[in-house]
Amino acid sequence: MGTTEYGPGDVVYFPSGPFSGICAVVRTVDPRREELRIDFAEGLTHREGGVLHERRHTFTVRFDEVELV
């Protein structure tokens, strides 16, 4: 198991692919599998009846699919 440059709270960027141009926040790091658990919001946060709403996505990506910002 090697060291990784990624850590929880880091912001990562998708340089290409279906999420090209999206930034996300690292939640967990699995250096053994070279995977990150990340999440990001889609669209604008808006208020509905005094409550803030946003569409959030969480998924796992490989180290080579993202870059640190």
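Not measured: the values here are computed from a predicted model. Throughout, a residue's number is its position along its own chain's written sequence, starting from 1. It should be noted that, the model being predicted, local features are given only for residues of pLDDT at least 70 and side-chain atom pairs only at 80 or more, the latter also being counted only at that level, while totals for whole chains, interfaces and linings use all residues. Remark: hydrogens and water are excluded; side-chain values derive from all non-hydrogen atoms of the structure.

Side note on the environment of Leu44
Short version of the rule: Helix and strand assignments follow DSSP, with helices taken as H or I runs no shorter than four residues and strands as E runs no shorter than two, numbered in order from the N terminus.
On the secondary structure map, Leu44 appears in strand β3 (residues 35-48). Note: C-alpha distance between Leu44 and Glu54 (10 residues apart in sequence) is 6.6 Å.

Some points on the pairing of strand β2 (residues 23-30)
To keep it simple, the criterion reads: Here the rule is simple: two strands pair whenever DSSP picks up at least two bridges between them.
Where strand β1 (residues 11-13) meets β2, 3 bridges bridge the pair, whose relative direction is antiparallel. Its bridge partner lying in β2, Val12 is registered against Ala24. By the bridge criterion, 5 bridges tie β2 to β3 in an arrangement that is antiparallel. Within the sheet, the bridge partner assigned to Thr28 lies in β3 and is Arg37. The loop that links β2 with its antiparallel partner β3 comprises 4 residues; one of these, Glu34, has a positive phi angle of about 55°.

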